[in-house]
Amino acid sequence: MRRTAAAIAALGVLAVPASASAHKYTAYSGEAKTPPKSAPPTTELNVFQPAKLKIRSGDKVQYLNRAFHTVSVLAKGASRPPIAVPAPGATYSGITDPQGNPFFFNGQQKFQYNPAVFGPVGSATVGDGKTHSSGAFAPNGPQPAQYTLKFAKPGKYTVLCLLHPGMKQKVTVLKAKAKGADTDSKVRARVARESTAHYKDAAKAAKLTPSAPATVSVGAEVKNATLLTYLPQTLTVPKGTTVSFQNLAPSEVHNFVFGPSGAGQYVQQFQAATDLFPSGPGAPNQVSPPFVYASEPPTAAGTWTYSGNEYGNGFFWSPLMDTQPGDPPNGLPGTEKITFDTPGTFTYFCAIHGPEMHGTVIVQ
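Brief notes about the packing of aromatic side chains
The geometry of an aromatic ring pair comes down to the distance between the two centres and the angle between the two planes. Under the criterion given, the structure shown has 33 aromatic pairs. Ring geometry for Phe137 versus Tyr147: centroids 6.1 Å apart, planes at 55 degrees, classification tilted. Of the two residues, Phe137 is situated in the loop between strand E10 (132-133) and strand E11 (145-151) and Tyr147 in strand E11; the sequence distance between them amounts to 10 residues. You can call Phe137 buried: its relative accessible area is 0%. Exposure remark for Tyr147: the relative accessible area of 8% places this residue in the buried category. Between Phe245 and Phe256, the aromatic rings sit 4.1 Å apart at their centres with planes inclined by 20 degrees, giving stacked as the arrangement. Taken together, the residues span a long stretch of sequence, with Phe245 in strand E17 (residues 242-247) and Phe256 in the loop between E17 and strand E18 (257-258) at a distance of 11 residues.

Points about the side chain of Thr229
Position of Thr229 among the secondary structure elements: in strand E15 (residues 225-231). Ignoring any residue separated from it by four or fewer positions in sequence, one finds Thr229 in contact with Thr42, Ser217, Val218, Gly219 and Met357.

Some details on unusual backbone geometry
What you tend to see is this: most non-glycine residues have negative phi, and most peptide bonds are trans. For the peptide bond that leads from Gln49 to Pro50, omega is 0 degrees, which places it in the cis range. Considering the arrangement of structural elements, one finds Pro50 in the loop between strand E3 (48-49) and strand E4 (52-56). Cis geometry is found at the peptide bond from Leu231 to Pro232, where omega equals -5 degrees. Counting through the fold element by element, Pro232 comes out in the loop between E15 and strand E16 (234-237). For Tyr311, which is not glycine, the phi dihedral falls at a positive 55 degrees. Following the sequence through the fold, Tyr311 ends up in the loop between strand E19 (303-306) and strand E20 (316-317). We classify Tyr311 as buried; its relative accessible area is 18%.

Notes on helix H3 (residues 184-206)
Think of an α-helix as 3.6 residues a turn; residues three or four steps apart then line up on the same face. For H3, with 23 residues, the first-to-last C-alpha span of 33 Å sits near the 33 Å given by 1.5 Å per residue. On its buried side, H3 packs onto strand E1 (24-29), strand E2 (43-45), E3, E4, strand E14 (215-222) and E15.

A short note on the environment of Asn247
Structurally, Asn247 is set in strand E17. Looking at Asn247, the relative accessible area reads 3%, which means it is buried. Sequence separation of Asn247 and Gly219 is 28 residues, and the distance between their C-alpha atoms is 6.1 Å. Apart from the residues within four sequence positions on either side, Asn247 is in contact with Val218, Glu252, Val253, His254, Met321, Asp322, Thr323 and Gly334. Here Ala249 takes part through its backbone nitrogen, which lies 2.8 Å from a polar atom of the side chain of Asn247.

Reading the values: the criteria
- Residues numbered from 1 in each chain as written.
- Predicted model: local features only at pLDDT ≥ 70, side-chain atom pairs only at ≥ 80, totals over all residues.
- Heavy atoms only, no water.
- Phe/Tyr/Trp six-rings, centres within 6.5 Å; stacked < 30°, edge-to-face > 60°.
- Helix = DSSP H or I, 4+ residues; strand = E, 2+ residues; numbered from the N terminus.
- Buried < 20%, exposed > 50% of the residue type's maximum accessible area, 1.4 Å probe, protein only.
- Contact = heavy atoms within 4.5 Å.
- Expected span 1.5 Å × (residues − 1).
- Polar contact = N/O pair within 3.5 Å; in protein donor to acceptor, adjacent residues only side chain to side chain.

Note that every value here comes from positions in space, so none of it alone points to a role or purpose.
Pasting the structure below:
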């Protein structure tokens, strides 16, 4: 999941705690380095590196982040919070389609981005049994963003990214004077080995193919090495074919959008007007309604029919897809289907990850 650096910076979560510590380790939220040339395009590593750390009480871990993640430790027994939640007492309203008519989802429950995920929670010191989280943060330029956690009490901790399921790190905190903590050289060597393994997993993901005909893999992933892609990128089918779009990236949410896209085009205008990512406390906060309801009612459960002339310009926006039950808003499908009843060439992209993640269906 990506958002603009300016929007994230406005949340106030990019500052690095500056207090002194016994020792400061360097870890990584996602990529530890620029991907090698051999890495498939659009590779992202939804992993912490190293996956395990052994430190002492009072030590800090500085997380360098080149993408869009959180650094979070949940309270004992707490569940990972959903990315989106119902906006109390609110419904979608006043949203019109390209022809000026109200969309069907007006009057339906409104959803908003969960502040417990995207905003900071608690402090940067863990060890009191409470939840502490950076909130979503991202680079604001070529250098990685930074966030530092201090581990104040011995014990075993799990550091999570609340945006990417399965992205976690195990931190063992020893007593302040105990022997056996990792050395910096050991951590660097571990990160180098893990990075090599993750990019090999990304190469494996690039070779995944749909298990059934007329199927598009939405994302591809092996052990949280994920590709922001559709496979195959171009699918050719006869008129009347029902194509299954299947999310194969367990650590990501995706969707697909058809219609006029690009700078200043309808799809981007619609997204800018309806997908209101909060820029700070009290700022507008709204999940674009088609992420929840689609841009039109299905013709059957999880199935829509597409002609390329919807709303006069071919606009269609699918709901979000993932493989994580209950996340968000109350469980998402892993597969959505489109019946193409009109010949043509139809391009689409993911509204979460942008036009870089795109595909084409050719209907003959």
